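The residues making up each chain are set out below.
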Amino acid sequence: MLMQASEEKDKQSLTQLCRDVLEKNQRGEFTIPAEGLYPHQWLWDSCFIAIGLAEFDVTRAQNEIKSLLRGQWLNGMLPHMIFGDDDSQKRDRNIWQSWRNPYAPEAVSTSGMTQPPMLAEAVVRIGEKLSKVERRGWYQDIFPALVQYHTWLYKERDPHNEGLVMLVHPWESGLDNSPPWIDQLHLHARPWWVSAVDKLNLDKVFLLFRRDTKHVPPGQRLDAIDSLLYFSILQRMKRKNWDTEAILARSHFTMQDLAYNAIFIRANQHLRDIASFIGHQLSDSLLSSMEKTEQALESLWDDFYKQYYSRVFISQKLVKEPSLAALLPLYAGSISKERAEELVKLLKSPNQFGSKYPVPSVPLSSNWYKELGYWQGPSWINTNWLIADGLERYGYTNEARDLREKSLKLIQKHGPYEYFSAKSGQPAGAKNFSWTAALALHMHAALEKTNNNN
Ligand code: GLC
């Protein structure tokens with residue numbers, strides 16, 4: 001009895017802690033990912049944040065999403081960052097110069113690229129908390145922006161009509177420097193000035209200008225040279241005024257990213273549900289593209305390794321470098337039961353993803369694995385959330401519960417950090433990280449629900 005009471009108290013204090021973090025990180029109508037390190041509004045962060053906010057303040061969750069739409073470009077793109085207009089963000093606004101593109105919004109400065117399409121999921125999770133009448137109004141409000149975004153993804157990012165969306169910068173994947181992207185980056189020609197920095201060992205000097213390493217030890221962030229290479233791609237895209245066609249004419253660094261397309265499939269399913277709830281017809285061309293994406297995902301399957309991979313857009317070669325993206329087709333929900341079973345084997349295998357504090361962003365036995373390396377080893381709560389959701393929908397309820405419980409225990413013990421060692425549970429990256437706090441609230445509610453059902 002005493003045990004139960006203290007467990008109850010722990011849960012309450014976890015809920016309070018997570019709400020406090022979300023309050024601390026609130027900036028008017030939206031929430032920043034973390035103080036200092038991430039001062040803007042980010043696309044997929046706000047979607048995860050809204051999912052958690054909906055657990056205790058639906059209006060705030062709705063505002064979080066509406067404020068994301070301030071940044072939508074006239075061509076439908078949702079940018080991955082929206083900048084504030086105060087002086088402290090001038091440097092970032094000038095690095096990106098979104099105003100170079102005629103489709104960029106006039107009222108706000110944004111980045112010139114996108115991020116994983118979690119919007120539809122957030123819209124539906126908020127909708128679940130509303131009455132039927134309110135839900136209809138909510139869906140009607142957001143529907144046009146959502147359709148425009150999905151239409152833009154097909155129009156500009158699937159130029160050969162293959163069904164798979166391609167990304168033009170690793171940051172668009174949200175899993176910034178995961179092995180498939182770094183592998184490709186290293187195959188790509190370097191600009192002379194990055195080679196010079198490398199040769200002359202000037203990367204230490206570059207540290208002086210980096211914001212991230214002022215907040216987090218360099219070993220937990222992107223490698224300096226890789227980071228400069230990312231910056232050089234950004235500069236190249238900016239010189240093309242963020243115009244996808246012009247960028248594609250010169251750049252060969254484009255990937256049909258597995259995680260992104262898996263998330264897109266789920267988002268398309270949500271979009272279909274939203275449309276049918278409000279009695280809207282999606283265009284035939286959008287519907288047929290959506291169907292194609294589900295089929296095209298299968299072309300990323302490798303029968304020897306029994307898993308899905310990302311693919312290089314130009315050469316159509318699979319990039320057989322390991323990352324947790326391999327597990328995200330579970331979240332897509334479009335794959336067969338047999339394939340899902342293979343992925344669950346990977347998830348449980350002790351030298352793959354079956355760590356003590358799952359789910360590592362890179363398999364434990366991989367040469368890429370770094371215990372606290374950014375997206376190259378640690379466990380992240382947003383990807384755990386996606387995987388748990390997929391497991392549940394494929395009927396793996398015990399596995400989903402286990403993953404949620406383990407995620408919550410980590411947060412309970414250390415607080416809502418950005419990521420955690422998959423081996424020791426050691427917290428790392430930014431502390432008081434918003435999506436960790438928000439998704440903890442949602443996972444907590446999901447566990448309560450399954451416990452009550454049993
Ligand atoms: C990093 C992450 C990205 C996230 C952003 C803000 O760039 O890789 O996924 O959206 O930080 O939290």
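The structure we're discussing is the one just above.
Residues numbered from 1 in each chain as written. Predicted model: local features only at pLDDT ≥ 70, side-chain atom pairs only at ≥ 80, totals over all residues. Heavy atoms only, no water.

### Notes on the overall build of the chain
Helices and strands together make up the secondary structure of the chain, namely 19 helices and 11 strands. Taking 454 residues into account, the globule formula puts the C-alpha radius of gyration at 22 Å, and the chain, at 21 Å, falls close to it. By principal-axis analysis of the C-alpha atoms, the chain measures approximately 65 × 55 × 50 Å. By sequence separation, contacts in the chain at least 24 residues apart represent 70% of the contacts at least 6 residues apart. Approximately 19,200 Å² of the chain is accessible, and the part contributed by carbon and sulfur atoms is 50%. With 53 positive and 53 negative side-chain charges, the chain shows a spacing of 3 Å between the two charge centroids. (Helix = DSSP H or I, 4+ residues; strand = E, 2+ residues; numbered from the N terminus. Rg over C-alpha atoms; globule rule 2.2 N^0.38 Å. Contact = heavy atoms within 4.5 Å. Areas by Shrake-Rupley, 256 points an atom, 1.4 Å probe, with all protein chains shown as cover. Lys, Arg positive; Asp, Glu negative; His and termini not counted. Charge placed at Lys NZ, Arg CZ, Asp CG, Glu CD.)

### What about the packing of helix H5 (residues 119–127) against helix H6 (residues 132–157)?
The geometry of H5 relative to H6 is characterised by a closest axis approach of 10 Å and an angle of 170 degrees between their N-to-C directions. The angle between H5 and H6 places the two elements in the roughly antiparallel class. Packed against H5, whose contacting residues are Leu119, Ala120, Val123, Val124, Ile126 and Gly127, the element H6 presents Arg135, Trp138, Tyr139, Ile142 and Leu146 at the interface. Tallied by class, the residues present in the contact of H5 with H6 amount to nine nonpolar, one polar and one charged. (Axes fitted to C-alpha atoms, helices over the stretch in contact; angles between N-to-C directions. Parallel < 35°, antiparallel > 145°, perpendicular 65-115°, else oblique. Nonpolar A, V, L, I, M, F, W, Y, C, P; charged D, E, K, R; others polar.)

### Details of the environment of Val124
Inspection of the secondary structure assignment puts Val124 in helix H5. Separated by 146 residues in sequence, Val124 and His270 place their C-alpha atoms 7.0 Å apart. For Val124, the contacting residues outside a window of four places in its chain are Tyr139, His270 and Ile274.

### Overview of the nonpolar core
Counting 138 residues, the largest nonpolar core has Ile65, Met118, Leu119, Trp385, Leu391 and Trp435 as its most contacted members. Other than its neighbours up to four places away in sequence, Ile65 contacts Ser46, Cys47, Ala50, Leu119, Ala122, Val123, Ile126, Trp138 and Ile142. (Core = buried A, V, L, I, M, F, W, Y, C linked by side-chain atoms within 4.5 Å. Buried < 20%, exposed > 50% of the residue type's maximum accessible area, 1.4 Å probe, protein only.)

### Notes on the site of the ligand
Neighbouring the ligand are the residues Pro33, Tyr38, Trp42, Trp44, Asp45, Gln115, Gly174, Asp176, Tyr374, Trp375, Phe433 and Trp435. Taking Asp45, its side chain carries an N or O atom lying 2.6 Å from an oxygen atom of the ligand. Look at the ligand: alone it shows 310 Å² of surface, and the protein chains cover 95% of it. Across the shell around the ligand, the residue classes break down as eight nonpolar, two polar and two charged. (Near = heavy atom within 4 Å. Polar contact = N/O pair within 3.5 Å; in protein donor to acceptor, adjacent residues only side chain to side chain.)

### Comments concerning unusual backbone geometry
In the segment running from Pro358 into Val359, the intervening peptide bond is cis, with an omega of 0 degrees. Counting through the fold element by element, Val359 comes out in the loop between helix H16 (337–348) and helix H17 (381–393). Look at Gln97: it is not a glycine, yet its phi comes out positive at around 45 degrees. By secondary structure assignment, the location of Gln97 is in the loop between helix H4 (90–96) and H5. A positive phi angle, close to 55 degrees, is found at Lys306, a residue other than glycine. With respect to the helices and strands, the residue Lys306 is situated in the loop between strand S6 (301–302) and strand S7 (307–308). Its relative accessible area of 32% is what places Lys306 among the partly exposed residues.

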